[in-house]
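Residue-level listing of the chains:
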Amino acid sequence: MRKITFLLTTLLCVWGLLGFAQKTKGALPKIKKLAPGTYYIINSSTSEALTPGMGSAGQNIFLQDFTRDGLQQWKVIQKGKQYAIQLEGHSDLLLQPHPTVRDHTPILNLPDPAFHLYSIDSASATTWFIRSVHQNGNALHPWGSDKELRFSNTGGSKQSQWEFRPVGK
């Protein structure tokens, strides 16, 4: 009788553990879409922030030390399944791949529906890819040693992963 009780208890425990494993197997936190808001956009491999030279149209955007400067604040605006990335405090200046430069250096520019939309897709629980919708999904990433940026096909490299750190936190 003891053997049967022990066997039944063991089977119930194993069955319970299997049920628990099945429930928790896919229970990792779901990565949500990026919420619209104002962020500092920081490269995960360099820990530097997107920063234009000045707050005016035509300015190149570089990586600079993260200082929480006003020029490092970006308003992320959802447009359906896509996003626009606007310099905070400037309703008409958007992050865009340069429309005529082959390497697609990012610049600040006036809204141009052909260039200013992005998919922002999760890379991990804390980082995101910024892909230009109109540049064949090419991702924003650091280029060279001069803190320059480019849009190109980088696959899923860490260099093309960005942290969106909410302003004020």
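Residues numbered from 1 in each chain as written. Predicted model: local features only at pLDDT ≥ 70, side-chain atom pairs only at ≥ 80, totals over all residues. Heavy atoms only, no water.

Here's the deal with the environment of Lys33
Part 1 of the argument: Mapped onto the secondary structure, Lys33 falls in the loop between α1 (2–25) and β1 (37–43).
Part 2 of the argument: Separated by 88 residues in the primary sequence, Lys33 and Asp121 place their C-alpha atoms 7.3 Å from one another.
Part 3 of the argument: If we skip the residues at most four places from it in the chain, Lys33 touches Tyr83, Asp121 and Trp128. (Helix = DSSP H or I, 4+ residues; strand = E, 2+ residues; numbered from the N terminus. Contact = heavy atoms within 4.5 Å.)

As for the nonpolar core
Part 1 of the argument: In terms of nonpolar packing, the biggest core is built from 23 residues, with Leu50, Trp74, Ile120, Trp162 and Phe164 touching the most fellow members.
Part 2 of the argument: Residue contributions to this core peak at 3 residues, all from strand β5 (residues 82–87). (Core = buried A, V, L, I, M, F, W, Y, C linked by side-chain atoms within 4.5 Å. Buried < 20%, exposed > 50% of the residue type's maximum accessible area, 1.4 Å probe, protein only.)

Here's the deal with the pairing of strand β4 (residues 73–79)
Part 1 of the argument: Examined bridge by bridge, β1 and β4 share 4 bridges and lie antiparallel to one another. Bridge pairing in β4 places Thr38 opposite Lys75.
Part 2 of the argument: Sheet topology note: the β4/β5 ladder contains 6 bridges and is antiparallel. Bridge pairing in β5 places Val76 opposite Ile85. (Pairing = 2+ DSSP bridges.)

Focus: unusual backbone geometry
Part 1 of the argument: In this structure, Ser47 is a non-glycine residue whose phi angle is positive, near 60°.
Part 2 of the argument: The topology assignment puts Ser47 in the loop between β1 and β2 (48–52).
Part 3 of the argument: Even without glycine at this site, Arg68 takes up a positive phi of about 70°.
Part 4 of the argument: Within the element layout of this structure, Arg68 appears in the loop between β3 (61–65) and β4.
Part 5 of the argument: Judged by relative accessible area, which is 40%, Arg68 ranks as partly exposed.

Focus: the side chain of His141
Part 1 of the argument: Here His141 shows up in strand β10 (residues 139–143).
Part 2 of the argument: The exposure class assigned to His141 is buried, which follows from its relative accessible area of 5%.
Part 3 of the argument: Separated by 2.5 Å, the side chains of His141 and Ser152 make a polar contact.
Part 4 of the argument: Once residues lying within four places of it in the same chain are set aside, the contact partners of His141 are Glu148, Leu149, Arg150, Ser152, Thr154, Gln159, Ser160 and Trp162. (Polar contact = N/O pair within 3.5 Å; in protein donor to acceptor, adjacent residues only side chain to side chain.)

Brief notes about the packing of aromatic side chains
Part 1 of the argument: All told, the structure shown has 3 aromatic pairs when counted by the stated rule.
Part 2 of the argument: Residues Tyr39 and Phe164 carry aromatic rings whose centres are separated by 5.6 Å and whose planes lie at 85° to one another, so their mutual orientation is edge-to-face. Taken together, the positions of Tyr39 in strand β1 and Phe164 in strand β12 (residues 162–166) put the pair 125 residues apart, joining distant regions of the chain. Neither Tyr39 nor Phe164 differs from the other in exposure class; each is buried.
Part 3 of the argument: On the basis of an interplanar angle of 70° and a centroid distance of 5.0 Å, the ring pair of Tyr40 and Phe66 is categorised as edge-to-face. Here Phe66 lies in the loop between β3 and β4 and Tyr40 lies in strand β1, a separation of 26 residues in the sequence. (Phe/Tyr/Trp six-rings, centres within 6.5 Å; stacked < 30°, edge-to-face > 60°.)

Function cannot be read off these values alone, since they describe shape.
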